[in-house]
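Each chain is listed here by its residues.
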Amino acid sequence: MAERPEDLNLPNAVITRIIKEALPDGVNVSKEARRAISQAASVFVLYATSCANNFAMKAKRKTLNAADVLAAMEEMEFERFLEPLREALEVYKKGQKGKKEVSEQKRKEKEKKNETDNDKSREEEDDEERMDEEPEAENDAEEDVEN
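Residues numbered from 1 in each chain as written. Predicted model: local features only at pLDDT ≥ 70, side-chain atom pairs only at ≥ 80, totals over all residues. Heavy atoms only, no water.

Participant: Explain the layout of surface pockets residue by residue, including any values.
Facilitator: For the largest pocket, the calculated volume is near 240 Å³. Every element with two or more residues in the lining of the largest pocket is listed here: α2 (31-58), α3 (66-75) and α4 (82-146). Classifying every residue of the lining of the largest pocket by side-chain character gives 12 nonpolar, no polar and no charged. (1 Å grid on protein atoms, 1.4 Å probe; cavity = no way out; pocket = protein on both sides within 12 Å on 5 of 7 lines; lining within 4 Å. Points joined across faces, edges and corners; volume = space filled by probe spheres on them. Helix = DSSP H or I, 4+ residues; strand = E, 2+ residues; numbered from the N terminus. Nonpolar A, V, L, I, M, F, W, Y, C, P; charged D, E, K, R; others polar.)

Structure representation (structure tokens):
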């Protein structure tokens, strides 16, 4: 873990994108202001994580979950962000569920294709065996005719 908040900075590209999305077109932000916002964001993330960790520890868990983060936001008096966070969490869960369903469908299709390919391979092997046996049977029949 980092010793100081300054050691943990969000990527400048992320901060710049967030700032541009939050402000109207044509508003410029100085490097100094971007740096200050970056520092503030890092401190906020550390504080929110620490608060969420306290909720997890009270529940005797080592893993933070979304409920811990929501409880931390409420404790930090950011109640007005709870509903947007819940909505974003629902969208995320639906997206993950959709990805899981797509992944499961692809896996089933792949298994089905493999089974079909295996069946075709078996049929081809059986056909080859029959073809190999037919000349032998013809040779046996020719030998019987000759005798």
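Participant: For the packing of helix α1 (residues 12-22) against α2, give the residues involved together with the corresponding values.
Facilitator: Where α1 contacts α2, the axes come no closer than 10 Å and their chain directions differ by 105°. It follows that α1 is roughly perpendicular to α2 by the angle criterion. Contact residues: Ile15, Thr16 and Ile19 in α1; Arg34, Ile37, Ser38 and Ala41 in α2. In terms of residue class, the contact of α1 with α2 is built from four nonpolar, two polar and one charged. (Axes fitted to C-alpha atoms, helices over the stretch in contact; angles between N-to-C directions. Parallel < 35°, antiparallel > 145°, perpendicular 65-115°, else oblique. Contact = heavy atoms within 4.5 Å.)

Participant: Account for the pattern of salt bridges, with residues named and values stated.
Facilitator: Summed over all chains, the structure comprises five salt bridges. Here Arg86 and Glu83 are joined by a salt bridge, their closest N and O atoms 3.9 Å apart. Placement of the pair is Arg86 and Glu83 together in helix α4, with a separation of three residues, close to one helical turn. Given a relative accessible area of 38%, Arg86 falls into the partly exposed group. When its relative accessible area of 44% is taken as the criterion, Glu83 is described as partly exposed. A single salt-bridge network, built from bridges that share partners, covers Glu104, Arg107 and Glu111. (Salt bridge = Lys/Arg side-chain N within 4 Å of Asp/Glu carboxyl O. Buried < 20%, exposed > 50% of the residue type's maximum accessible area, 1.4 Å probe, protein only.)

Participant: With reference to specific residues and values, describe a negative patch on the surface.
Facilitator: On the surface, Glu123, Glu124, Glu125, Asp126, Glu128 and Glu129 cluster together into a negatively charged patch. For Glu125, a relative accessible area of 48% translates into the label partly exposed. (Patch = residues over 30% accessible without salt bridge, like charges linked within 9 Å, V, L, I, M, F, W, Y side chains within 5 Å. Areas by Shrake-Rupley, 256 points an atom, 1.4 Å probe, with all protein chains shown as cover. Lys, Arg positive; Asp, Glu negative; His and termini not counted. Charge placed at Lys NZ, Arg CZ, Asp CG, Glu CD.)

Participant: Tell me about unusual backbone geometry, residues and numbers included.
Facilitator: Of all residues except glycine, most have a negative phi; of all peptide bonds, most are trans. Within the chain, Lys60 stands out as a residue other than glycine whose phi angle is a positive 60°. One non-glycine residue, Glu77, lies in the positive phi region at around 65°. By the element assignment, Glu77 lies in the loop between α3 and α4. For Glu77, a relative accessible area of 64% gives the class exposed.

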